[in-house]
Amino acid sequence: MNLMYRSTRDSKNRVTASQAVLQGLSPDGGLFVPESMPVLTKSMEELSGMDYREIAYEVMKLFLTDYTEEELKDCINKAYDSKFDTPEIAPLKKGSEAYYLELFHGSTIAFKDMALSILPHLLTKAAKKNNVKEDIVILTATSGDTGKAALAGFADVPGTKIIVFYPKDGVSSVQEKQMVTQKGDNTYVVGIKGNFDDAQTGVKLMFNDKELADRLKQSGYLFSSANSINIGRLVPQIVYYVYTYATLYKKKQIEPGEKINFIVPTGNFGNILAAYYAKQIGVPVNQLICASNENKVLFDFFQTGRYDKNRPFVLTESPSMDILVSSNLERLIYHIADGDSDKTAQLMKALTTQGVYDITDSMKLNLKGFLGGWASAEETRAAIDREFKESGYVIDTHTAVAASVYHDYVINTKDQTKSVIVSTASPYKFSKSVLEALHTENVPEDDYEQALILKQVSKTVIPNAVEEIRTAPVVHKRVCETAEMQRVVKEILKII
Ligand SMILES: *Cc1c(COP(=O)(O)O)cnc(C)c1O
């Protein structure tokens, strides 16, 4: 029997997995969630004997039940291949206080590659399955990393076009270069004069615009999303939590059934939600620790039960976490409301109209197992420096937010549970901030020169992604106001 998905805002809107992948967002504005939670059918003993791809199949088949075994395996094999610079795909390293799960070995050296290298394949298969004749237009807002990872995943995939909006002054210089040098006849990159939330809101408005959808259809196009709200992003992210546990088990670092903590540097709440789903399907988890930077709206939420986005937006050195509306939190809200879609819709409406909502006491009780923490700019830098001094291991600014939060957590709780800090970006992607945190003198302005220093300090190899952008020409130069996003899309698709 097929596992069906329903909207967080209206339980009557039900779709299959492949339809959910195609649609991205439900027509009512809600997010698709599985109607019931599957459980792992293989034991940890069995899983620990499998490689990343095999575990990916064991996990994804539970959630994407209307894909055949052949289709799923084909998607997995196309995604997790030599694009990754290690056959382990998601290696686990031992740091001074915890393990680090390195999710940055894909083509853009950040964790979005884990899901975005497979999404194009899941999507084109879904289109075929559902007899979609239109070309798929991927519309994406990015805080930096999603954009490039999506562009890399979709570039020159037949039957697709991809349009990426990013905050012109809100991403790192490497992130911007990676995007504006993207090859592929079907790729479009647009800088907007606004922040990530503006970009995301603009994209959501287009998704919800019925009239626009009709005009697209007439022109032979169908919108879809590569943002982390798509379950085609979420499901592949569950895989590495299962893989991590299996790896620890295989290396005899944990006893059978021993619970572990995950500390996740969080922005849109997609990565940590995948950890929550991993827990639901049977991975023994003690605490899920949600780490925020100075945009600590989630920390406040876990403290008080009130989500309040009415606050200044802070640009930090962990830009991929500079977010005030964490879209994927809506799924958690739905689950802690015990699947009450009316309640979820009501809270999300309050968020749109007033920018704030409060969850009920019973919902608060259901948040057990989650903890929030946050790190200031100074604490983040200190965490990079501390880890390097203690173990010689260099972490990036996003990972450092989580490392700082974990450091405080251990001091405050004395919790001895084995813990895994999710490492979401390579330090080479944020080399300037990392070198400054390590008190390097006279950090050069040039990205590549920074990489050369980082290579010496960290005794690691410069990733291919950094080598690549040295010489690549800038091919995308569009910049627009937030209010012009829709006009730009029409212009690109030649819809008048
Ligand atoms: C996207 C991103 C995050 C945040 O992940 P979410 O799933 O949005 O919470 C953290 N770190 C890096 C480097 C990222 O690219």
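It should be emphasised that the depicted structure is a prediction, and the values quoted were computed from it without experimental measurement.

Enquirer: Before we go on, may I ask you to explain the UniProt feature "modified residue: N6-(pyridoxal phosphate)lysine" (unreviewed entry) in the chain in this structure?
Expert: Per the UniProt record, "modified residue: N6-(pyridoxal phosphate)lysine" (unreviewed entry) is annotated on K112. With respect to the element layout, K112 can be found in helix α5 (residues 112-116).

Enquirer: Mind showing me how you'd approach the sheet that holds strand β16 (residues 478-481) here?
Expert: Hydrogen bonds along the backbone pair up the strands of a sheet, which may run parallel or antiparallel. With parallel pairing, the 5 strands of this open sheet are ordered in space as β9-β6-β7-β8-β16. With partners counted over all chains shown, the strands left at the sheet margins are β9 (221-225) and β16, one partner each. Each neighbouring strand pair of the sheet contributes to a mean axis angle of 30°, computed without reference to strand direction. In the sheet, strand β7 (residues 160-167) pairs with strand β8 (residues 187-193) via 6 bridges, with the strands oriented parallel. Each residue of the ladder has a partner; that of F165, found in β8, is V190. Where helix α7 (residues 145-154) meets the sheet, it contacts β6 (135-141), β7 and β8, and its direction lies at approximately 165° from that of β7.

Enquirer: How should the environment of G282 be read in this particular structure?
Expert: Within the secondary structure, G282 sits in the loop between α12 (270-280) and β11 (285-292). Given the relative accessible area of 44%, G282 is considered partly exposed. When the C-alpha positions of G282 and S43 are compared, they lie 9.6 Å apart, and in sequence the two are 239 residues distant.

Enquirer: Sorry, what's going on with the pairing of strand β5 (residues 99-102) here?
Expert: Along any regular strand, the residues point their side chains to alternate faces of the sheet. Alternating residues of β5 divide into Y99 and L101 and Y100 and E102, and every residue in both groups is buried. With 3 bridges joining them, strand β4 (residues 92-94) and β5 adopt antiparallel strand pairing. Within β5, the residue paired with L92 across the bridge is L101. Between β4 and β5, which pair antiparallel in sequence order, lie 4 residues. Looking at chain direction, β5 and strand β15 (residues 419-423) are connected through 4 bridges and run parallel. Counted as the bridge partner of Y100 is I421 from β15.

Enquirer: Is there a simple way to think about the environment of K364 in this case?
Expert: Relative to the assigned elements, K364 resides in helix α16 (residues 361-365). As for K364 and I333, which are separated by 31 residues in sequence, their C-alpha atoms are 9.8 Å apart. Dropping the residues within four chain positions of it, K364 is found in contact with T304, G305 and I359.

Enquirer: How should the site of the ligand be read in this particular structure?
Expert: Around the ligand, 15 residues are found, and the nearest of them are K112, D145, G267, N268 and T424. F269 is positioned with one of its backbone polar atoms (N or O) 3.0 Å from an oxygen atom of the ligand. Alone, the ligand offers 380 Å² of accessible surface; in the complex the protein occludes 98% of this. Of the residues belonging to the shell around the ligand, the class tally is 5 nonpolar, 8 polar and 2 charged.

So, how was this worked out
Residues numbered from 1 in each chain as written. Predicted model: local features only at pLDDT ≥ 70, side-chain atom pairs only at ≥ 80, totals over all residues. Heavy atoms only, no water. UniProt positions renumbered as here; feature names shortened; annotations may be inferred. Helix = DSSP H or I, 4+ residues; strand = E, 2+ residues; numbered from the N terminus. Pairing = 2+ DSSP bridges. Axes fitted to C-alpha atoms, helices over the stretch in contact; angles between N-to-C directions. Contact = heavy atoms within 4.5 Å. Buried < 20%, exposed > 50% of the residue type's maximum accessible area, 1.4 Å probe, protein only. Near = heavy atom within 4 Å. Polar contact = N/O pair within 3.5 Å; in protein donor to acceptor, adjacent residues only side chain to side chain. Areas by Shrake-Rupley, 256 points an atom, 1.4 Å probe, with all protein chains shown as cover. Nonpolar A, V, L, I, M, F, W, Y, C, P; charged D, E, K, R; others polar.

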